[in-house]
Amino acid sequence: MIIVLSPLMQQQIIDFLEAQSDPSFKFEKKKGIELYFTTDAADAKAAADIAKQRIKSQPTFSPLLIKVRTEEYL
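As a starting point, this report considers the structure included with it. (Residues numbered from 1 in each chain as written. Predicted model: local features only at pLDDT ≥ 70, side-chain atom pairs only at ≥ 80, totals over all residues. Heavy atoms only, no water.)

What to know about the pairing of strand 2 (residues 25-31)
- Here strand 2 runs beside strand 3 (residues 34-39); their pairing, made up of six bridges, is antiparallel. Paired with Lys 31 across the two strands is Glu 34, which belongs to strand 3.
- Connecting strand 2 to the next strand, strand 3, in antiparallel fashion are two residues, including Gly 32 with a positive phi near 65°. (Pairing = 2+ DSSP bridges. Helix = DSSP H or I, 4+ residues; strand = E, 2+ residues; numbered from the N terminus.)

Have a look at this one:
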C-alpha cells in the first residue's frame, strides 16, 4: 500500500493515479489528507517513488506539496 499526502486536488490525484499502468494503482480510502492506494507492484517503495515522479511530472500537480510513502506513521 502507498499513501499520498496532499491537502489539495485530491480527486484529481486519485483519477490520475488510477489511470496509470505498470504499476497500476487502485484507490482504497481517504483519511484526512492521506490517500491510500494499493498497487500491483512487487516493491511498494519503488511504486511509491514512481507514483511521486509521475504526479510531479504533470504541470497541474507540479506546484503542489506532495509526499508519498509506503507506511502510515503511528
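After that view of the structure, there is still more to cover.
Some words on the sheet that holds strand 2
- An order of 2-3-1-4 is seen for the four strands of this open sheet, with the pairing classed as antiparallel. With one partner strand each, in any of the chains shown, strand 2 and strand 4 (67-69) form the two edges of the open sheet. Going across the sheet, the axis of each strand differs from the next one's by a mean of 25°, ignoring polarity.
- Sheet strands touched by helix 1 (residues 10-18): strand 1 (2-5), strand 2 and strand 3. Its angle to strand 2, the strand with the most contacts, is close to 155°. (Axes fitted to C-alpha atoms, helices over the stretch in contact; angles between N-to-C directions. Contact = heavy atoms within 4.5 Å.)

Describing the nonpolar core
- Val 4, Ile 13, Leu 17, Phe 37 and Ile 55 are the most contacted members of the largest nonpolar core, which has 17 residues in total.
- Among the secondary structure elements, those contributing two or more residues to this core are strand 1, helix 1, strand 3 and helix 2 (44-57).
- Setting aside residues up to four positions removed in sequence, Ile 13 forms contacts with Val 4, Ser 6, Leu 8, Leu 35, Ile 55, Phe 61, Leu 64 and Ile 66. (Core = buried A, V, L, I, M, F, W, Y, C linked by side-chain atoms within 4.5 Å. Buried < 20%, exposed > 50% of the residue type's maximum accessible area, 1.4 Å probe, protein only.)

Section: helix 1
- What helix 1 keeps buried is the set Gln 10, Ile 13, Ile 14, Phe 16 and Leu 17. Looking down the long axis of helix 1, one finds its buried residues gathered within 165° of arc, a one-sided arrangement. (Arc of directions from axis to C-beta.)

Side note on unusual backbone geometry
- Between Asp 22 and Pro 23 the backbone carries a cis peptide bond, its omega angle lying at 0°.
- Even without glycine at this site, Met 9 takes up a positive phi of about 55°.
- Among the structural elements, Met 9 can be located in the loop between strand 1 and helix 1.
- A positive phi angle is found at Asp 22, which is not glycine, with a value near 55°.

So, the pairing of strand 1
- Burial along strand 1 is two-sided: the residues Ile 2 and Val 4 and Ile 3 and Leu 5 are all buried.
- For strand 1 and strand 3, the ladder comprises four bridges, and the chain directions are antiparallel. Across the sheet, the residue bridging to Ile 2 is Phe 37, located in strand 3.
- Strand direction decides the pairing type here: strand 1 and strand 4, joined by three bridges, are antiparallel. Bridge pairing links Val 4 to Val 68 in strand 4.

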